[in-house]
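# Chain and residue survey
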Amino acid sequence: DAGITQSPRHKVTETGTPVTLRCHQTENHRYMYWYRQDPGHGLRLIHYSYGVKDTDKGEVSDGYSVSRSKTEDFLLTLESATSSQTSVYFCAIRGTSNHYEQYFGPGTRLTVT
Amino acid sequence: AQSVAQPEDQVNVAEGNPLTVKCTYSVSGNPYLFWYVQYPNRGLQFLLKYITGDNLVKGSYGFEAEFNKSQTSFHLKKPSALVSDSALYFCAVRDRDKIIFGKGTRLHILP
């Protein structure tokens with residue numbers, strides 16, 4: 001998993017509560033990404049970061065915010081979780097080649113009840 | 001905008017037979033194309049990429065992919081399928097700093 005860890009790996013939370021997911025990498029990669037995976041939709045980009053404090057929105061950013069205060073950590077926050085945010089969330093980093101391939105963490109399964 | 005399409009939700013292949021998982025792309029400019037595999041309860045694993053050069057790209061686990069510019073396709077292939085190849089496969093294309101994924105094709109290899 002390219003030195004990427006995600007925490008927690010599983011979480012059940014109630015509608016309306018805030019939730020923060022953490023992605024941690026050990027290899028000093030500049031680019032980091034958050035995706036959600038849902039049946040029939042493949043992977044959809046939520047937000048990404050191209051450096052400390054530098055982030056941009058993806059395809060499905062509504063209801064999510066991110067922060068990156070250190071190179072190694074990229075946090076995804078659901079300010080007020082909704083049932084539609086029940087999903088599997090993956091973090092990825094861009095590899096060191098110039099060819100843009102990404103490498104993924106093991107994922108976090110989030111259930112909002 | 002760049003995009004890829006995987007026309008088959010599921011592909012069934014008998015063990016030992018050749019397999020093909022289809023992908024077509026739509027890009028402006030030269031495409032950077034990728035294939036990923038996802039085994040149950042795991043993250044995506046990078047299989048191979050096409051950037052430029054030889055149209056037949058070899059990757060991990062005996063997979064290869066054929067880039068066809070005239071047909072705007074990038075099909076994933078393997079000469080002899082294994083039961084352990086059963087998984088979810090994603091085609092993807094670079095879009096500036098991002099990668100856009102297809103919806104995935106579930107491959108079932110039948111013993």
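Heads up: the structure comes first, above all this text.
First, a word on scope: everything that follows refers to the structure included in this document.

Basis of the calculations
- Residues numbered from 1 in each chain as written.
- Chains lettered and ligands numbered in written order.
- Predicted model: local features only at pLDDT ≥ 70, side-chain atom pairs only at ≥ 80, totals over all residues.
- Heavy atoms only, no water.
- Helix = DSSP H or I, 4+ residues; strand = E, 2+ residues; numbered from the N terminus.
- Rg over C-alpha atoms; globule rule 2.2 N^0.38 Å.
- Buried < 20%, exposed > 50% of the residue type's maximum accessible area, 1.4 Å probe, protein only.
- Contact = heavy atoms within 4.5 Å.
- Areas by Shrake-Rupley, 256 points an atom, 1.4 Å probe, with all protein chains shown as cover.
- Lys, Arg positive; Asp, Glu negative; His and termini not counted.
- Charge placed at Lys NZ, Arg CZ, Asp CG, Glu CD.
- Core = buried A, V, L, I, M, F, W, Y, C linked by side-chain atoms within 4.5 Å.
- Disulfide = S-S within 2.5 Å.

### Examining the overall build of chain B
Broken down by element type, chain B carries zero helices and 12 strands. Its helices and strands in sequence order give chain B the pattern β-β-β-β-β-β-β-β-β-β-β-β, from N to C terminus. For 111 residues, the compact-globule estimate of 2.2 N^0.38 gives 13 Å, and the C-alpha radius of gyration of chain B, at 13 Å, lies within 12% of that figure. Taken along its principal axes, the extent of the C-alpha atoms in chain B is 40 × 30 × 20 Å. Counting all 111 residues of chain B, 49% fall into the buried class. Counting contacts in chain B only where the partners sit at least 6 residues apart, residues at least 24 apart contribute 55% of the total. Entry remark: accessible area of chain B is about 5,400 Å², with carbon and sulfur atoms responsible for 47%.

### Section: the overall build of chain A
From N to C terminus, chain A includes zero helices and 11 strands. Going from N to C terminus, chain A has its helices and strands arranged as β-β-β-β-β-β-β-β-β-β-β. Taking 2.2 N^0.38 as the reference for a compact globule, 113 residues should give roughly 13 Å; the C-alpha atoms of chain A span a radius of gyration of 13 Å, in line with that estimate. Seen along its three principal axes, the alpha-carbon backbone of chain A occupies a region of about 40 × 30 × 25 Å. Each of the 113 residues in chain A was classed as buried or not, and the buried ones make up 50%. Counting contacts in chain A only where the partners sit at least 6 residues apart, residues at least 24 apart contribute 54% of the total. Just so you have it, chain A exposes about 5,200 Å², and 47% of that area is on carbon and sulfur atoms. Mean positive and mean negative side-chain charge positions of chain A (12 and 12 charges, respectively) differ by 2 Å.

### Comments concerning the nonpolar core
Here is a general trend for soluble globular proteins: nonpolar side chains tend to be buried in one another's company. All names here are of chain B. Judged by nonpolar contacts, the single largest core of 27 residues is most densely connected at Trp35, Leu48, Leu76 and Tyr89. Those elements that provide at least two residues to this core are β2 (10-14), β3 (19-21), β5 (33-38), β6 (44-50), β8 (64-68), β9 (73-78), β10 (87-95) and β12 (105-110). The dominant element in this core, judged by the number of residues it contributes, is β10, at four residues.

### A look at unusual backbone geometry
It is generally the case that most residues other than glycine have a negative phi and that most peptide bonds are trans. For the bond from serine 7 of chain A to proline 8 of chain A, the omega torsion is -10°, close enough to zero to count as cis. The phi angle at tyrosine 61 of chain B is positive, at roughly 60°, despite the residue not being glycine. Note that tyrosine 61 of chain B resides in the loop between β7 (56-58) and β8. Its relative accessible area of 46% is what places tyrosine 61 of chain B among the partly exposed residues.

### A closer look at the state of the cysteines
Taken as a whole, this structure holds two disulfides over all chains when the rule is applied. Paired by a disulfide, cysteine 23 of chain A and cysteine 91 of chain A hold their sulfur atoms 1.9 Å apart. The disulfide joining cysteine 23 of chain A to cysteine 91 of chain A has a torsion of about -70° about its S-S bond and is therefore left-handed. With cysteine 23 of chain A in strand β3 (residues 19-25) and cysteine 91 of chain A in strand β9 (residues 87-94), this residue pair connects regions lying 68 residues apart in the sequence. For cysteine 23 of chain A, a relative accessible area of 0% puts it in the buried group. Disulfide partner of cysteine 23 of chain B: cysteine 91 of chain B, at an S-S distance of 1.9 Å. Between cysteine 23 of chain B and cysteine 91 of chain B, the S-S dihedral sits near -60°, and the bridge is therefore left-handed. Taken together, the positions of cysteine 23 of chain B in the loop between β3 and β4 (24-26) and cysteine 91 of chain B in strand β10 put the pair 68 residues apart, joining distant regions of the chain. By the burial criterion, cysteine 23 of chain B is buried, and cysteine 91 of chain B matches it.

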